[in-house]
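Listed below are the residues making up each chain.
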Amino acid sequence: MKEPELEGKLYGVLKLGNGQDQLITAVTGKEKGQSVIYVDANNDEDLTNDGDGRWNGELSGWGYRRRVTVQVDYSIEGENVALPYHVYIDATKDRPGPAGRLKYHAWFGHCHRAGTVKLDGKPYDLALFDTNSDGLYSDLENTVLAIDVDRDGFFLTTPDSYELWRPGELIRLGNTTYEVVSISPGGREIDFSVSEEEVPPHPILLPSYPAPDFRATDLKENELFLKGLRGNAVLLYFWEAPCPTCSSKSRASQIQNIYDRYKEKGFIAIGIPMNSDRAVLESFLEREGTTYPQLWSEEGRENPVAKLYRVWSPNDMIYLIDRQGIIRYKNSYHADGEGFLHYNEIGTEQLIKIVEGLLEQ
Ligand SMILES: [Ca+2]
Ligand SMILES: [Ca+2]
Ligand SMILES: [Ca+2]
């Protein structure tokens with residue numbers, strides 16, 4: 001291994017792909033007093049011929065990031081083939097280097113496995129994301145699929161996107177439901193079969209689209225039917241009760257204040273707690289003094305209404321639905337300069353303004 005001259009060298013390896021050489025070496029240390037990292041991106045056992053060692057990203061003050069495209073070996077029909085693969089290596093600023101603090105991952109938004117597939121008689125752009133960063137796409141339980149369903153040239157990759165399929169989800173396009181049968185390790189080939197099971201297409205969970213209907217039972221055994229609430233402005237709040245000893249006033253109780261203020265004018269709030277422990281939830285609600293309906297499912301984070309709205313973790317997602325059943329607001333995600341998704345926080349004042357706007361309609 002040919003190496004650059006560095007002070008205080010620390011080594012790391014990335015294990016990627018399934019080919020001849022699955023280990024890609026990286027070395028960090030100091031060069032003229034600066035922290036650097038050299039990655040053997042072309043995997044030729046020479047750390048000096050892959051460009052300079054500069055970190056090329058900052059992590060909002062606390063760390064460094066190196067974006068690098070490495071050549072990963074894959075075994076394809078008995079032959080070794082190197083394919084490009086994006087890797088992100090992060091390190092904390094105070095102690096850049098391995099010792100458990102150097103972390104690498106594939107970046108969700110940038111993937112080197114994109115192509116076209118013909119499904120339901122039409123060509124679609126498709127991309128694969130390797131969510132466990134091992135360079136392999138064949139482990140279906142760790143591979144997410146994106147299809148440019150609306151053909152606008154972009155993959156919408158928010159977690160609730162209608163253009164994204166999580167592992168095991170059936171794919172509905174046009175009149176056909178598909179199932180992913182297999183993906184080659186390098187992600188260049190994907191086999192679909194037509195499923196006998198029929199599923200509806202993913203709902204478009206964006207403002208100006210209809211809110212998906214559901215029928216569910218609340219903690220007091222009342223049945224709630226979203227369609228039956230037409231004529232009212234409805235707030236849906238996906239959440240999970242925190243520890244019973246937390247002290248600050250919760251978002252759940254802020255929503256209670258809005259509910260108290262506007263319920264006579266046709267405003268309804270519905271909580272969708274993703275707790276699996278009913279006692280924890282009920283004692284929290286009692287302490288916070290909330291009275292608006294809270295749906296209850298023993299399935300916790302697998303709550304069917306949360307699944308319908310593609311809420312995968314209790315992230316304080318709020319939807320505001322107008323009197324006609326149309327989504328008018330959601331505190332969705334935004335992408336930062338690096339393309340990473342962040343959740344948009346909404347203040348109570350802003351929520352009130354939106355509610356008032358909906359009630360005037
Ligand atoms: Ca090299
Ligand atoms: Ca994988
Ligand atoms: Ca699209």
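Just so it is clear, the model here is predicted, and its values are computed rather than measured.

1. As for helix α4 (residues 348-360)
So, point 1. When the terminal C-alpha atoms of α4 are compared, their 18 Å separation across 13 residues agrees well with the 18 Å that a helix rising 1.5 Å per residue should span.
So, point 2. Every buried residue of α4 is listed here: Leu-351, Val-355 and Leu-358. Here the buried residues of α4 occupy an arc of 60 degrees about the axis, which is enough to place them on one side. Exposed and oriented more than 90 degrees from the buried face of α4 are Glu-349, Gln-350, Lys-353 and Glu-360.
So, point 3. On its buried face, α4 is in contact with β17 (233-239), α1 (251-262), β18 (267-273), β19 (317-321) and β20 (327-330).

2. Comments concerning the confidence of the model for the protein
Any segment with low pLDDT has predicted coordinates that should not be analysed in fine detail.
So, point 1. Scored by pLDDT, the protein comes out at a mean of 89, with 90% of its residues at no less than 70.
So, point 2. This model gives residues 96-100 a pLDDT under 50, and the stretch forms 12 contacts once residues within four places in sequence are excluded.

3. Some points on the sheet that holds strand β14 (residues 190-194)
So, point 1. Read from one edge of the open sheet, three strands run β12-β13-β14, paired in antiparallel fashion. The sheet is open, and its two borders are formed by β12 (171-173) and β14, each paired with just one other strand. Geometrically, the sheet is characterised by an average inter-axis angle of 40 degrees between neighbouring strands, direction not taken into account.
So, point 2. Note: β12 against strand β13 (residues 176-183), three bridges, orientation antiparallel. When the sheet's bridge partners are listed, Arg-172 is paired in β13 with Thr-177.

4. Observations regarding the environment of Ser-250
So, point 1. Residue position: Ser-250 is located in the loop between β17 and α1.
So, point 2. Among the residues examined, Ser-250 registers 19 C-beta atoms within 10 Å and is labelled partly exposed.
So, point 3. Residues Ser-250 and Glu-179, 71 residues apart in the sequence, show an inter-C-alpha distance of 41 Å.

5. Quick word on the domain arrangement of the protein
Size of an interface: often given as the accessible area lost when the parts come together.
So, point 1. Looking at the assigned domains, one finds that the protein contains domain 1 (7-105), domain 2 (114-194) and domain 3 (215-360).
So, point 2. Computed over C-alpha atoms only, the centres of domain 2 and domain 3 are separated by 31 Å.

6. Some points on the sheet that holds strand β10 (residues 143-147)
To summarise the sheet geometry, strands pair through backbone hydrogen bonds and adopt either a parallel or an antiparallel arrangement.
So, point 1. Across the sheet, four strands lie side by side as β8-β9-β10-β11; this open sheet has antiparallel pairing. At either end of the open sheet lies a strand with only one pairing partner, and these are β8 (114-119) and β11 (164-165).
So, point 2. Judged from the two bridges that link them, β10 and β11 form a sheet pairing that is antiparallel. Bridging across to β11, Ala-146 finds its partner in Leu-164.

7. Let's talk about unusual backbone geometry
Leave glycine aside and you will find that most residues have negative phi; peptide bonds, for their part, are mostly trans.
So, point 1. Although it is not a glycine, Ser-133 sits at a positive phi angle of roughly 50 degrees.
So, point 2. Under the C-beta neighbour-count criterion, Ser-133 is labelled partly exposed, with 19 such atoms within 10 Å.
So, point 3. Even without being a glycine, Arg-310 presents a positive backbone phi close to 55 degrees.
So, point 4. Looking at the secondary structure, you find Arg-310 in the loop between α3 (304-308) and β19.

8. As for the nonpolar core
So, point 1. Grouped together as the largest cluster of nonpolar side chains are 33 residues, with contacts concentrated most on Leu-236, Phe-238 and Leu-320.
So, point 2. Examining the composition of this core, we find that six residues originate from one element, β17, more than from any other.
So, point 3. Beyond its immediate sequence surroundings of up to four residues, Phe-238 is in contact with Ile-272, Met-274, Ala-306, Tyr-309, Val-311, Pro-314 and Met-317.
So, point 4. Leu-14, Ala-26, Val-36 and Val-72 belong to the second largest nonpolar core, which has 20 residues in total.

9. Details of the pairing of strand β9 (residues 122-130)
So, point 1. Sheet topology note: the β8/β9 ladder contains six bridges and is antiparallel. The partner of Thr-116 across the bridge, within β9, is Asp-125.
So, point 2. Linkage of β8 to β9, two consecutive antiparallel strands, is achieved through a turn of two residues, within which Asp-120 is found at a positive phi near 50 degrees.
So, point 3. The sheet contact formed by β9 and β10 spans five bridges and is antiparallel. Residue Phe-129 lies in a different strand from β10, and its bridge partner there is Val-144.

10. Here we look at the pairing of β19
So, point 1. Most of β19 sits out of view: five of its five residues are buried.
So, point 2. Across the two faces of β19 the burial is the same, with Met-317, Tyr-319 and Ile-321 and Ile-318 and Leu-320 all buried.
So, point 3. Inspection of the sheet shows β17 paired to β19 by five bridges, in the antiparallel sense. Within β19, the position partnered with Val-234 by the bridge is Ile-321.
So, point 4. Alignment of β19 against β20, held across three bridges, turns out to be antiparallel.

11. Re the packing of α1 against α4
So, point 1. Orientation of α1 relative to α4, taken along the N-to-C sense of each, is 30 degrees, at an axis distance of 11 Å. By the angle class used here, α1 and α4 are roughly parallel. For the pair α1 and α4, the crossing hand works out as right-handed. Residue-level inspection shows Gln-254, Ile-258 and Tyr-262 of α1 in contact with α4, the latter providing Thr-348, Leu-351, Ile-352, Val-355 and Leu-359.
So, point 2. When the residues that make up the contact of α1 with α4 are grouped by side-chain class, the tally is six nonpolar, two polar and no charged.

What counts, and at which threshold
Residues numbered from 1 in each chain as written. Chains lettered and ligands numbered in written order. Predicted model: local features only at pLDDT ≥ 70, side-chain atom pairs only at ≥ 80, totals over all residues. Helix = DSSP H or I, 4+ residues; strand = E, 2+ residues; numbered from the N terminus. Expected span 1.5 Å × (residues − 1). Buried ≥ 20, exposed ≤ 12 C-beta atoms within 10 Å, placed from the backbone. Arc of directions from axis to C-beta. Contact = placed C-beta atoms within 7 Å. pLDDT = per-residue confidence, 0-100. Pairing = 2+ DSSP bridges. Axes fitted to C-alpha atoms, helices over the stretch in contact; angles between N-to-C directions. Domains from an automatic or database assignment. Core = buried A, V, L, I, M, F, W, Y, C linked by C-beta atoms within 7 Å. Parallel < 35°, antiparallel > 145°, perpendicular 65-115°, else oblique. Left-handed = near helix turned anticlockwise from the far one by under 90°. Nonpolar A, V, L, I, M, F, W, Y, C, P; charged D, E, K, R; others polar.

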